[in-house]
Every structure is written in C-alpha cells, then in structure tokens.
Amino acid sequence: MAGGNERDMKALKEVWKRAENSLCADCGKPDPDWASSTLGVFICLSCSGIHRNIPSISKVKSLKMDCWDDDQVQFLAKHGNAVTKAIYEAHIPIYYYQPTYNDCQVLREQWIRAKYERKEFTEPGKQLPYSDGVKEGILWKRGRDNGQFLPRKFLLSEREGCLKYFTKQDAKEPKINVKIDVINATFQPEKIGNPNGLQITYLKDNKTRNIFVYHESGKEVVDWFNAIRSVQFHYLKVAFPIASDNEIKNRLTRNFLKEGYMEKTGPKQREAFKKRWFTLDHRRLMYFKDPLDAFAKGEVFVGSGENGYSVQKGLPSGTQGNFSWHYGITIVTPDREYLFTCETETDQLEWIRAFTSVINQAMTPQEYASKCLDAVSFPS
C-alpha cells in the first residue's frame, strides 16, 4: 500500500479485519490479501487471477502492495464479502457445486464467472443451462483400448434417470445406458492431461467403470458436471422423499479421498510387490495398472472400525514378498490383511489419514448391502 496516506491505510485495515472478510469470497481460502474495487469482495491471490481475466466486471488490487484511495476504501466498507454474497449468491441451486481452494482451476473460474459475469444466481427461478432435466451434446471421450480422445454424443435425461453416450451421431442405440444413481463425476485435469478433464465413474455388476472426457469449453464441461448433479438431486428427492435437501446434497458427486501409486502384494503375501495406481472412493479401494484404465484390476471394501477394520503403519514382521518401497501400510479386515508400500513417508501418512477417516465413520445400511455384494479381493 505504498503511497497511500495513513488515514486510508487505517480505514482499509479496519474493513479487512472484519470477520466476514477473513476468508476468500470465492473459494474460502483463509487470509485473503487481494480485493476487487468494483465488486467489493476480499479474495485470495489465486482467485484474483481469475478476476483479472474479466476486467469489465472486476478490478483487483493487492491489499498489501497497492495504493487504495478514499473512495475505493469506502466502497469496500459498504460492501465486503457478506453484502456482495447476498447479491450474487442469493439463489444458488442446492445441487450446484461450490468449489473450494482445493478444487481445480476450471471449477473455480466458472464459479466466479457464473456469479459475477453471467449473474446466474441473482434472480429466483432463473432458467440455467444445467437445470432443465436434459442435456445433450458432444464430449471428447478417451477410447478404452487405443487411448485416443474422439467426439461422442452424450445424453443426460432426468425423465429416464440415466446418462447415455453414442459412438456415432446418428446411432439409434447407445453404447452405454447408465442409471443416474450409480454415477459419480470428478474433475481430473492432471490425470487426463487436459484442464477441462472430467472423470465419470459408474457401477456395472457392482464393479467400477471409468470414462474420461473433456470439452474445449470450460463453461460447457462444468455445465455438464452440474447437470449430472441436478438430475441426481431430483432423482434422489423422489427415491428418498423424507430425506432433507442437505442429506441428498451430500449423496451427489464426490471427490476421491486419495489417489496415487503404491505397491501391493497378492493374497498369499509371498508374491513380489507390484506398483499400481490406487483410488480410494469412500469405502471402495481400487487399483489399476494405469491411472486411465477403464476397469479396476481389483477392489476391496473398507468398512468401519466397529466392524473389524483397521489401518496399521508398517508391514507384519516376516513379510516375505520383495518390495522396493519401504513405507508400509497394513489394512486389516475381518477376512484378511492387505499389504501396501509407499515410496515416501509423506505418501504413507497421507494414505493412513485417508483410510482412518473412512474407518472412523459408521457404516450406513446401503454400505452394509454393498459389502454383501462385494466378494472382492486383490488378485496378484
């Protein structure tokens, strides 16, 4: 704030330290040190970069390094995060995914543009591109065998309660027809190698199937994501009429708890450990030869502590399988022990925290049913 006079600096600090302005208005990151002089919100450095790309809407300045004149400080004082949110976030659909600072760039950018540029949430009952119960269009889908991304027609229907895709534009029968209640969707830009990469997973014969897609338009791919959540929400409202909106919201699409490489051994625990890609999707721990495999090589159900599940640091003494990574993890289940190794201690501790968070949660009736269907083990 070099060059600003002492009075303006003091007034700015008073506004800045209000409790409502202690988190970024857009992603919730603590201690934002930037602000928009035209919107009146306090934001973090990362979100300020997105604001800078829409200069007709938002002018951003550093709270520490830039000079703020009296009019700008007074504007911030009259607005701030609470007042501005009340305007631009007045009518957000409950199913709409509001990203945090842990989410990828495309989600955060489209959230900011939806609020301030397109003003999607300022009016009640506004028709939104993801809210009418049907969405049809082209997404670039990765081929299961050749790894090439090719354009495919996708159709999402609330009336039919499903998501379909077609290998040809004029195809009458879909390649897949997936019920909406077994679908998950999560953004995976690094894994897919595209900033708009979206991973769609669904259960088939109680096994997880992955589809990897993207769209050139960030808005379009985020609209698809929220359309899936919209259709899921309305489907579950009918299926569970006494459930609250928040209970249903918590059952919509979810991010994976943890992903990354570990080594594993087979059920006899004498085989050599093999490097595999692991995904922990709540109570499903899956492994793949390659992060972009369509099908998991194996899955294991991770239950709760009260049902005999636990995670332990290290491997049992006398483990015979050869392994090149030395930070072990043992998952104990009522049926057997699963042994893994991690490359670093940091990886080991992160996986243990993820497993512990699942094991500490009580199992739901639906999870009991899922466990009964899962006769799953890790082959070699």
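Residues numbered from 1 in each chain as written. Predicted model: local features only at pLDDT ≥ 70, side-chain atom pairs only at ≥ 80, totals over all residues. Heavy atoms only, no water.

Looking at an unreviewed UniProt entry, the chain carries the name ADAP1 protein, with the source organism given as Notiomystis cincta. Taken from UniProt, the Subcellular location (unreviewed entry) comment for the chain reads in full: "Cytoplasm". (UniProt positions renumbered as here; feature names shortened; annotations may be inferred.)

Explain the packing of helix 5 (residues 105–117) against helix 7 (residues 218–239) to me, using residue names and the numbers behind them.
Relative to each other, helix 5 and helix 7 sit at 90 degrees, their axes nearing to 10 Å. In terms of axis orientation, helix 5 runs roughly perpendicular to helix 7. Contacts between helix 5 and helix 7 pair Val-106, Leu-107 and Gln-110 from the former with Gly-218, Lys-219, Val-221, Val-222 and Phe-225 from the latter. Looking at the contact of helix 5 with helix 7, its residues break down into 5 nonpolar, 2 polar and 1 charged. (Axes fitted to C-alpha atoms, helices over the stretch in contact; angles between N-to-C directions. Helix = DSSP H or I, 4+ residues; strand = E, 2+ residues; numbered from the N terminus. Parallel < 35°, antiparallel > 145°, perpendicular 65-115°, else oblique. Contact = heavy atoms within 4.5 Å. Nonpolar A, V, L, I, M, F, W, Y, C, P; charged D, E, K, R; others polar.)

Lay out the pairing of strand 5 (residues 149–157) with the relevant residues and their values.
Two strands pair when backbone bridges link them, and strand 4 (residues 134–142) and strand 5 are joined in this way by 9 bridges, in the antiparallel orientation. Counterpart to Arg-142 in the pairing with strand 5 is Phe-149. Connecting strand 4 to the next strand, strand 5, in antiparallel fashion are 6 residues, including Gly-147 with a positive phi near 75 degrees. In this structure, strand 5 lies alongside strand 6 (residues 162–166), joined through 5 bridges in antiparallel fashion. Counted as the bridge partner of Leu-155 is Lys-164 from strand 6. Counting the residues between successive antiparallel strands, the hairpin from strand 5 to strand 6 contains 4 residues, one of them, Gly-161, with a positive phi of roughly 65 degrees. (Pairing = 2+ DSSP bridges.)

Explain the sheet that holds strand 12 (residues 274–281) residue by residue, including any values.
Spatially, 7 strands are ordered 14-13-12-11-17-16-15 in an open sheet, and the strand pairing comes out antiparallel. One side of each edge strand has no neighbouring strand; the edge strands of this open sheet are strand 14 (298–301) and strand 15 (310–313). Each adjacent strand pair in this sheet contributes to an overall mean axis angle of 35 degrees, direction not counted. Its contacts with the sheet put helix 9 (residues 345–359) on strand 11 (258–264), strand 12, strand 13 (284–288), strand 15, strand 16 (327–332) and strand 17 (337–342), and the angle it makes with strand 15 is roughly 160 degrees.

So, the domain arrangement of the chain: which residues are in play, and what are the values?
Looking at the chain, the domain boundaries give domain 1 (1–117), domain 2 (134–250) and domain 3 (258–376). The interface is formed by 8 residues belonging to domain 1 together with 17 residues belonging to domain 2. Between domain 1 and domain 2, the buried area comes to about 1100 Å², and carbon and sulfur atoms account for 73% of it. Among the residues domain 1 hides against domain 2, the three largest losses belong to Ile-94, Tyr-95 and Val-106. Together they make up 54% of the total. Summed over the shared surface of domain 1 and domain 2, the result is 0 salt bridges. Across the domain 1-domain 2 interface, the total number found is 2 residue pairs in polar contact (both at pLDDT 80 or more). For the side of domain 1 that touches domain 2, the per-class residue count stands at 7 nonpolar, 1 polar and no charged. (Domains from an automatic or database assignment. Buried area = accessible area lost by both parts, 1.4 Å probe. Salt bridge = Lys/Arg side-chain N within 4 Å of Asp/Glu carboxyl O. Polar contact = N/O pair within 3.5 Å; in protein donor to acceptor, adjacent residues only side chain to side chain.)

Give me the lowdown on the nonpolar core, citing residues and values where you can.
The tendency in soluble globular proteins is for nonpolar side chains to be buried as a group. One finds Ile-43, Leu-156, Ile-183, Phe-187, Leu-198 and Ile-200 to be the most contacted residues of the largest nonpolar core, which totals 55 residues. Here this core gets 9 residues from one element, more than from any other, and that element is helix 7. Each of domain 1 (1–117) and domain 2 (134–250) gives at least three residues to this core. Listed in part, the 22 residues of the second largest apolar core include Val-302, Ile-329, Val-358 and Met-363. (Core = buried A, V, L, I, M, F, W, Y, C linked by side-chain atoms within 4.5 Å. Buried < 20%, exposed > 50% of the residue type's maximum accessible area, 1.4 Å probe, protein only.)

Explain unusual backbone geometry to me, using residue names and the numbers behind them.
Positive phi values are uncommon outside glycine, yet Lys-119 reaches one of about 50 degrees. Structurally, the position occupied by Lys-119 is in the loop between helix 5 and strand 4. In this structure, His-282 takes a positive phi of about 55 degrees despite not being glycine. In this structure, His-282 sits in the loop between strand 12 and strand 13.

Explain helix 7 residue by residue, including any values.
Taking 1.5 Å per residue, 22 residues should reach 32 Å; helix 7 reaches 32 Å between its end C-alpha atoms and fits that length. Where helix 7 begins, the side chain of Ser-217 points an oxygen toward the backbone nitrogen of Lys-219, at a separation of 3.3 Å. (Expected span 1.5 Å × (residues − 1).)

Tell me about the sheet that holds strand 2 (residues 42–43), residues and numbers included.
The 3 strands are arranged 2-1-3 in an open sheet whose pairing can be described as antiparallel. Edge positions in the open sheet fall to strand 2 and strand 3 (60–62), since each of these has one partner strand only. Direction of pairing for strand 1 (residues 34–36) relative to strand 2: antiparallel, over a ladder of 2 bridges. Residue pairing in the sheet places Trp-34 in a bridge with Ile-43 of strand 2.

Just give me the short version of the environment of Tyr-97, but keep the residues and values in it.
The topology assignment puts Tyr-97 in the loop between helix 4 (80–88) and helix 5. Residue classification places Tyr-97 among the buried positions, given a relative accessible area of 17%. Separated by 21 residues in sequence, Tyr-97 and Leu-76 place their C-alpha atoms 27 Å apart. Not counting the four nearest positions on each side in its chain, Tyr-97 is found in contact with Asp-103, Leu-107, Phe-225, Asn-226, Arg-229 and Asn-255. Polar contacts involving the side chain of Tyr-97 include one to the side chain of Asp-103, which spans 2.9 Å. Of note is the side chain of Tyr-97, whose polar atom sits 3.3 Å from the side chain of Asn-255.

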